Structures are given as C-alpha cells and as structure tokens.
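Structural characterization, general
Residues per chain are reported as follows:
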Amino acid sequence: MKNICELTAHEIREAYESKELKVTDVVKAFYEKIKVDDEKIKGYITLCEEEAIAQAEAIQAKYDAGEKMGALAGVPIAIKDNMCTRGVKTTCASRMLENFIPPYDATVIKKLKDAGAIILGKVNMDEFAMGASTEHSAFFKTHNPVNLNKVPGGSSGGSAAVVAGDLSPISLGSDTGGSIRQPAAFCGIVGLKPTYGLVSRYGLVAFASSLDQIGPMTKDVTDAAILLNTIAGHDEMDSTSAKLDKKDYTKALVNDVKGIKIGIPKEFFGEGVNSEVKEKVLAAVKTFEELGAIVEECSLPATEYCLPAYYIIACAEASSNLGRFDGIRYGYRTKNYETMQDIFRNSRSEGFGEEVKRRIILGTYVLSSGYYDAYYKKAQKVRTIVKQNFDKVFEKYDLLLTPTAPSTAFDIDSKINNPLEMYMADLLTVPVNVSGVPAISMPCGSDSEGMPVGLQLIAKHFDEETLLRAAYTYEQNREVQ
Amino acid sequence: MISKEEIKHIAELSMLNLSEEEIQKYTVNMQDIVEFANKVNSLDTEGITESAFALDTFNVFRKDEVRESFDREELLKNAPSSNGEAYSLPSMMN
C-alpha cells in the first residue's frame, strides 16, 4: 500500500470500509506531514487540528459501530480561505479579514460536514482571489511542491499545492478566471470548474459574482466526481443557483470516448502559448483520437477579446463587492481616525494590498461616468458574442480541448512587478468563465524542466458528465510523457 | 492616456488614499491595462445586447416569513468596536 498521505480520497474511503485504516491515524498522518513539509510549501494559513482529531474519533466510532457512512466520511480536505467556516478564521489572505471569524458555514462547507469530510485547515490564495500565482497573499507566498522555486499558480495556489504536496488528499478552490484550473495545471493535479450556478456561492467571499464558482481540486478524476457530487445542488441562499435534479457524477466515470466529438479551437494554440505546452497537449489530442474520439479543428473567433472583457467585468464587479469593507461591521479598522470618512478611507487603504487596490481602481474607472459605455457596457456585449461563439461550436462538438495555461509554472518573483504580464496567465481559462461553461484541467506530461503541463477540456452548460467521462478515459489510458 | 489627476479622482471615488509613490505606480500600470482593455472596442458589437450573466437569470421569490437569524452577540464579535448591542462609531454630526 502507498503511504497514507499519497492516497486519493476514494482510496482512503475504501480503506476505512475494509478496516485497513483508521480515520484518526489518517488525520494524524496528515498533520505530521504538514508539520514537516509545510515549512517549505507554505500552503496552510490556519490549521484546525484539535477539531479535526475530535471529529476523526467520532467518525471512527461510527465506522466501528457499522453505521452507513457518507461518501466523504473521515476524508480530510483543505479549504481555500475565501469560504466561510463557522468558528474558523476566514482571511481571504488579506489584512482586511485577518481576524474575521465567520458566524456561519458556506453552503459547500455545510455539505462537506454533512458528508463527513474533515477539514484539515484553510489554505493560502491571492488576496481576495485576485492573482495567478498566490504571490499576492498578504501573509506569505506558497511554493510549488514540484519545484519550490516556482509559483503554484493562483489564485487557488494553496489548494493546489497542498494536494500536489500530499498535505491533503483533496481541496476546494474557487475559479473566477481560471483560479482552479491554472494552479491545478501548474502543480500537476486535477481541477474542475463547474457550470456557473451548479455549486452554491453562499458563503464564498465575492470577487466577481457573475463569474465566481467553487470546484474540486484532486489527485484524480474519480475524486473530482465524488467531491462534485457532495457540493453540487440547488441552494435557496444563492439566487443564481440552478434548479436541477441531483446527478451521480461517478456514473460518468466510464472508460470510453468512442464517437465523442472534440473540437480543437485554433485560437487557443496561437502566439503566446509556449511550444512545449502545445506539443504535450497535441500529444494528448492524438491519444484521444487513438481512443476513438472524433477530433477536428474549430474556431472561437472572439477569443482574443475575452481577456480584456474579463478584466473589465471582473474588476467592475470587484470594485462594487469590495465596497462592503468599511471598517465598521467586521474586518480591519484603522487606529488612525476621527471621523467616519477617516474610518472608511484609512481602513481600506491600510487593509487592502497592492493588487486589490489596483483592481478596485480599474473597476471604478470602467464604471465611472464617461467610461461606462466604452468599457463596461462594451465588455458585457463581448460576453454575449463569446457565449454565441460557444453555443455555435457546441452545436457540432461535445467537448473542446485546449491547453489550460499558456506556460508551465513560472519562477517566484518573475512577474510580480508586471501586472499585465501576470494577467496573461489567464488567457486560456477566462473564456470559460465568460461563457459560464464547465471545464476541467488535468495533467498531460511535463516540460523539459520537469514542470507539469495541463490540458483543459470544456463542455456545454451542465454537461459535467461528458467532461468527467473524457477526463477519466484519458487518465486511464495516458502514457507517462 | 490616463493622467495622475484621473487616478487621484478614481481613488477618491474608491475611498482609497494613495501616496504620491502609489499614484505614480498606478498611473503607469493603468495606462498599460486600459490600453489593453481598449481592445474590446475593436470588436463590432452593432445590434448586440449586453449580458450581465452567462446563463439566463430570473427573479427568485420566496415567502416573506420570519426565520431564525444570526445571534446579535455572535455578529458583534467581529465588530472592531461595539457597545454590546450595536456597532459604535464616531458621531456623524457635530
């Protein structure tokens, strides 16, 4: 048997059922490893060790009593620090929320607890999920476990690094413009961004409400399906949550892609995409063909407008969402004030980091009088055209296949002083958020430096099943490259 | 081209104080970023309506009924300053 910390969630769950492992031993094994390895990886902001061990003992007692257990009963999980956990600090990796202890659980957290999952701790991210490298955390930078000199990607960099570094079997991330998929690609794990509306956003600290979505980050596709089963579903606390019948996504884990039509959008292989990345992704395309999928080149002509439209929309929404941080009800308050105005201004100026301020400024600019039509309204029209592009290709294809990111993980500090260059890391992931469709990133080999390359599969709205089926088939059949 | 004056005005609207150094830095950043964002204006959107969301949205209603809410004491634990019953703030009017 593999070392405990290398196991997937479904392997751990099976080992509990067969009595090969005890929940308490598994949870303790992860904390022991965290204490040693997280010194270098720096994934966790907060650990919940005491509660986790108490919960492990309670769950083990139920296993011992032969009770019927939930899908994730006793399985450890790490949570991105922008999802509210009752009684446990939720910082968004910001000074603004450094001491914020939510009085409620996000819906996804409630669902995880109901399924018996054990939260190991809260993990690092770019402040308020704004960034592509986790270097914009107000606390510390997270390192890529594959090579500690590289970034883990972002903004869910902590979620990706702890799974890749065997410091948690699974984690939750959130994805506004690629924040699940790009770090999954950089760290060599699986990351799934569900269709907008499939997973409740209640209790997720809002960045850009029309784009944000929570999803699984896992070692394999099976775990992604199991975790999606647990977190998906309608929630009356989120008015954008979709009313759909509950599905069992593990039923989609079928090793067969014969006859599935896959489009390869040529715009995703253009200039700005690293040649080694292209090579690995095209090798994966070949594997799909050999497995019986029908593969053809296709076009999403508005792709080049996605990234600018995304930054306009996301920052506009962020500038509005972050208006709530006023130093009054919760969060950081300046010590330096006499008037209300001082509280607002000084708390925000001292509490927000550089990138967050930059995005508030951009968002306020595109919404301000004189620029609203030229930028914000125009970007909303681009969104309509992008949606039409996707609708059109999905008339013909079941899936699209692209690289997840234009490069592999870059060196820490190499892009931190060039915001626009950092934004380019989202080039191939934002079209998915702009059109609301689901997508998965999974490893498809490594570059010459040994850094993982991610491929991205994209499906129609609410067709996570085809996505998972194709990803599972590739995972079962890929050769190590 | 965005000027330092414009950045100062936007910072004012955003309730942010910026140092002289920050104004300089954000002005340069924003010139690059806005030039990039301007790309959207080269796409023909004649006759296209805006989308606020990628999927169809609709109003969601529920019955107006009394439900359990948060405990006041628990909420006030996160307040930087309170008198035990309400948030405390400097007076608005003198």
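Further up the page is the structure itself.
Residues numbered from 1 in each chain as written. Chains lettered and ligands numbered in written order. Predicted model: local features only at pLDDT ≥ 70, side-chain atom pairs only at ≥ 80, totals over all residues. Heavy atoms only, no water.

1. A closer look at the overall build of chain B
Each helix and strand counted, chain B has three helices and zero strands in total. From first element to last, N terminus to C terminus, chain B shows the α and β order α-α-α. In terms of overall dimensions, chain B is more spread out than a globule: its C-alpha atoms have a radius of gyration of 23 Å, far above the 12 Å expected for 94 residues. The principal-axis extent of the C-alpha atoms belonging to chain B is close to 55 × 45 × 25 Å. Among the 94 residues that make up chain B, the fraction classed as buried is 29%. Accessible surface computed for chain B: about 7000 Å², of which carbon and sulfur atoms make up 49%. Placing the 9 positive and 19 negative side-chain charges of chain B at their respective mean positions leaves the two points 5 Å apart. (Helix = DSSP H or I, 4+ residues; strand = E, 2+ residues; numbered from the N terminus. Rg over C-alpha atoms; globule rule 2.2 N^0.38 Å. Buried < 20%, exposed > 50% of the residue type's maximum accessible area, 1.4 Å probe, protein only. Areas by Shrake-Rupley, 256 points an atom, 1.4 Å probe, with all protein chains shown as cover. Lys, Arg positive; Asp, Glu negative; His and termini not counted. Charge placed at Lys NZ, Arg CZ, Asp CG, Glu CD.)

2. What about the overall build of chain A?
When you go through chain A residue by residue, the secondary structure sums to 15 helices and 11 strands. Relative to the 2.2 N^0.38 estimate, which gives 23 Å for 481 residues, the radius of gyration of chain A is 21 Å and therefore close to what a compact globule would have. Seen through its principal axes, chain A has C-alpha atoms that stretch 65 × 55 × 45 Å. Residues classed as buried in chain A amount to 67% of the 481 residues present. The long-range share in chain A, meaning contacts at least 24 apart out of those at least 6 apart in sequence, stands at 75%. Summed over its atoms, the accessible surface of chain A is roughly 16200 Å², and 47% of this surface lies on carbon and sulfur atoms. The positive charge centre, built from 55 side chains, and the negative charge centre, built from 65, are 4 Å apart in chain A. (Contact = heavy atoms within 4.5 Å.)

3. Observations concerning a nonpolar patch on the surface
Taken together, B:Phe70, B:Leu75, B:Tyr87 and B:Leu89 make up a surface patch of nonpolar side chains, about 320 Å² in accessible area. Within the secondary structure, B:Phe70 sits in the loop between helix H2 (20-37) and helix H3 (72-76). (Patch = residues over 30% accessible without salt bridge, like charges linked within 9 Å, V, L, I, M, F, W, Y side chains within 5 Å. Salt bridge = Lys/Arg side-chain N within 4 Å of Asp/Glu carboxyl O.)

4. Topic: the packing of helix H4 (residues 107-114) of chain A against helix H7 (residues 221-231) of chain A
All names here are of chain A. The N-to-C vectors of H4 and H7 enclose an angle of 110 degrees; their axes lie 8 Å apart at closest approach. Classified by the angle between their axes, H4 and H7 sit roughly perpendicular to one another. On the side of H4, the interface is formed by Val108, Lys111 and Leu112, while H7 contributes Leu227, Thr230 and Ile231. For the contact of H4 with H7, the residue count by class is four nonpolar, one polar and one charged. (Axes fitted to C-alpha atoms, helices over the stretch in contact; angles between N-to-C directions. Parallel < 35°, antiparallel > 145°, perpendicular 65-115°, else oblique. Nonpolar A, V, L, I, M, F, W, Y, C, P; charged D, E, K, R; others polar.)

5. Describing unusual backbone geometry
Residue and element names in this part refer to chain A. Each neighbour pair has its own omega, and for glycine 154 with serine 155 the value is 10 degrees, a cis peptide bond. Along the chain, serine 155 turns up in the loop between strand E3 (118-123) and helix H5 (157-164). Phi is positive for alanine 129, which is not a glycine, with a value near 70 degrees. Mapped onto the elements of the fold, alanine 129 is located in the loop between E3 and H5. A positive phi is found at aspartate 413, a non-glycine position, where the angle reads about 75 degrees.

6. Some thoughts on the interface of chain A and chain B
In this assembly, 69 residues from chain A lie in contact with 51 residues from chain B. The contact between chain A and chain B buries some 5600 Å² in all, and 65% of this surface belongs to carbon and sulfur atoms. For the pair chain A and chain B, the number of links is six salt bridges. A salt bridge links B:Glu74 to A:Arg86; the nearest nitrogen and oxygen atoms lie 3.0 Å apart. At the junction of chain A and chain B, the tally comes to 27 residue pairs in polar contact (both at pLDDT 80 or more). Broken down by secondary-structure element, the contributors of at least two residues to the side of chain A that touches chain B are helix H9 (303-321), helix H10 (340-351), helix H11 (354-367), helix H12 (372-396), helix H13 (419-423) and helix H14 (430-435) of chain A. Examining the composition of the side of chain A that touches chain B, we find that 12 residues originate from one element, H12(A), more than from any other. (Buried area = accessible area lost by both parts, 1.4 Å probe. Polar contact = N/O pair within 3.5 Å; in protein donor to acceptor, adjacent residues only side chain to side chain.)

7. Section: the packing of aromatic side chains
Residues and elements named next belong to chain A. Under the counting rule described, the total for this entry stands at 18 aromatic pairs over all chains. When the centroid spacing of 5.2 Å and the interplanar angle of 40 degrees are considered together, the rings of tyrosine 104 and tyrosine 202 count as tilted. Of the two residues, tyrosine 104 sits in the loop between strand E2 (76-80) and H4 while tyrosine 202 sits in the loop between strand E5 (190-193) and strand E6 (213-218), which places them 98 residues apart along the sequence. Among the residues examined, tyrosine 104 registers a relative accessible area of 21% and is labelled partly exposed. With a centroid separation of 5.4 Å and 15 degrees between ring planes, the pair formed by phenylalanine 288 and tyrosine 474 is classed as stacked. Here tyrosine 474 lies in helix H15 (residues 464-477) and phenylalanine 288 lies in helix H8 (residues 275-290), a separation of 186 residues in the sequence. For the pair formed by phenylalanine 288 and tyrosine 474, the shared burial category is buried. An aromatic cluster is defined as three or more aromatic residues linked by ring pairs; in this entry it consists of Phe100, Phe128, Phe325, Tyr330 and Phe352. (Phe/Tyr/Trp six-rings, centres within 6.5 Å; stacked < 30°, edge-to-face > 60°.)

8. Structural notes on the pairing of E6(A)
All names here are of chain A. E6 sits mainly inside the fold: six of its six residues count as buried. In this sheet, E6 lies alongside E5 in antiparallel orientation, the contact comprising two bridges. Its bridge partner being in E6, glycine 191 is matched across the sheet by methionine 217. (Pairing = 2+ DSSP bridges.)

9. Some details on H11(A)
Taking 1.5 Å per residue as the helical rise, H11(A) with its 14 residues ought to reach 20 Å, and the 20 Å between its terminal C-alpha atoms agrees with that figure. Burial of H11(A) is extensive: 12 of the 14 residues sit out of reach of the surface. Where H11(A) is concerned, the buried positions are A:Glu355, A:Val356, A:Lys357, A:Arg358, A:Arg359, A:Ile360, A:Ile361, A:Leu362, A:Gly363, A:Thr364, A:Tyr365 and A:Val366. At its buried positions, H11(A) is contacted by H9, H10, H12 and H13 of chain A together with helix H1 (4-13) and H2 of chain B. (Expected span 1.5 Å × (residues − 1).)

Limitation: the analysis is restricted to geometry and does not speak to function.
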